[in-house]
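Take a look at the letters that make up each chain.
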Amino acid sequence: MTTRLIVASLTIAASVVFAEVEISPPESATQAEGLDAWSRIFDVASHPRCANCHTGPSDRPMWSGPTYGTTRPHGMNIQAGDSRMGVEYLQCSTCHTTKDTDWDNANLMPHAAPRVAMGWALAPVEADWFGKTSDEICAQLRDPDLNGGRDMLEIAEHLNHDLILHWAWNPGGGREPAPYSLQEHVDDILIWGVAGMPCPES
Ligand code: HEC
Ligand code: HEC
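Below: a short report on this structure.

### Concerning the site of ligand 1
Next, step 1: By nearness alone, 21 residues border ligand 1, and Cys50, Cys53, Ala123, Asn147 and Ala168 come closest of all.
Next, step 2: Among the elements of the structure, helix 1 (31–45), helix 2 (48–51), helix 4 (152–161) and helix 5 (163–168) are those that each provide at least two residues to the shell around ligand 1.
Next, step 3: Top contributing element to the shell around ligand 1 by residue count: helix 5, with 3 residues.
Next, step 4: Across the shell around ligand 1, the residue classes break down as 15 nonpolar, 4 polar and 2 charged.

### Considerations on the nonpolar core
Next, step 1: Membership of the largest hydrophobic core comes to 38 residues, with the highest contact counts inside it found for Ile41, Ala45, Cys50, Ile189 and Trp192.
Next, step 2: Counting residues per element, the ones that place at least two in this core are helix 1, helix 2, helix 3 (134–141), helix 4, helix 5 and helix 6 (182–194).
Next, step 3: Here Cys50 is in contact with Val44, Ala45, Trp129, Ala168 and Ala178, once residues within four sequence places are set aside.

### Looking at the packing of helix 1 against helix 6
Next, step 1: Helix 6 packs onto helix 1 with a crossing angle of 140 degrees between their chain directions and a minimal axis gap of 8 Å. For the element pair helix 1 / helix 6, the angle class is oblique. Seen along the crossing, helix 1 lies across helix 6 with a hand that is left-handed. Listed contacts from helix 6 to Glu33, Gly34, Ala37, Trp38, Arg40, Ile41 and Val44 of helix 1 are His185, Asp188, Ile189, Ile191 and Trp192.
Next, step 2: Taken together, the residues of the contact of helix 1 with helix 6 break down into 7 nonpolar, 2 polar and 3 charged.

What counts, and at which threshold
Residues numbered from 1 in each chain as written. Chains lettered and ligands numbered in written order. Predicted model: local features only at pLDDT ≥ 70, side-chain atom pairs only at ≥ 80, totals over all residues. Near = placed C-beta within 6 Å. Helix = DSSP H or I, 4+ residues; strand = E, 2+ residues; numbered from the N terminus. Nonpolar A, V, L, I, M, F, W, Y, C, P; charged D, E, K, R; others polar. Core = buried A, V, L, I, M, F, W, Y, C linked by C-beta atoms within 7 Å. Buried ≥ 20, exposed ≤ 12 C-beta atoms within 10 Å, placed from the backbone. Contact = placed C-beta atoms within 7 Å. Axes fitted to C-alpha atoms, helices over the stretch in contact; angles between N-to-C directions. Parallel < 35°, antiparallel > 145°, perpendicular 65-115°, else oblique. Left-handed = near helix turned anticlockwise from the far one by under 90°.

Read these as spatial facts, not as claims about activity.
Put into structure tokens, the structure is as follows:
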């Protein structure tokens, strides 16, 4: 794979200071390197900053991680519905308001509803990661029928463009960031992809 593209930095607002993420797949990667990368991808996917929103048919976001004490469904009986954004009930954006200026001060207050520079919503029902095993998440993420029809490069590009993810590595308000960095996570997706997307049990 010789494609080497630099994805332009986000141009939402001058105050958004996200590092540019480079999408640069390795020439080759062994199965062992792919599995190694997968284990780090799983560390990220299963982390509260990701899994709290990647829930399935319950339609309910989760509250988990050190700042929540106990793991439980989102308070206030929040339901995402088929829309995944609460249109049928109370819209996520009522509290998770879209924030596109003064990014540095958007999420300082502990226990406030996180705000990002795009609409807040649950992940698609197929991308159900909360409480799932490494093998289950791996099988979902490599299946184009379940991952939004994305190949490896499209997953990597999606990760760069998705402003929710930039929040997950810089959440503020005392929340623990997702492990590694966005760049390392993108690199791991590419290593895993070039290695043929191996999963632990296969
Ligand atoms: C605020 C809720 C929210 C959080 C937090 C969140 N996601 Fe998502 N995720 C979504 C939504 C919504 C989509 C669908 C977006 C789309 O398809 O354009 C999505 C889709 C994805 C996809 C596309 C592949 C698929 O199977 O659908 C990946 C990969 C992904 N998220 C990774 C992550 C990672 C990694 C984290 C944590 C660092 C994370 N997400 C945190 C809401 C969230
Ligand atoms: C009535 C206000 C309100 C609405 C509506 C709301 N939320 Fe929240 N949400 C909050 C608050 C407040 C927190 C933070 C609670 C805390 O940190 O103790 C939160 C936290 C979260 C978290 C945890 C983030 C993290 O990793 O720490 C997720 C995920 C989430 N909300 C998803 C949703 C989704 C999806 C919807 C729409 C279906 C939604 N919320 C609707 C108020 C709301």
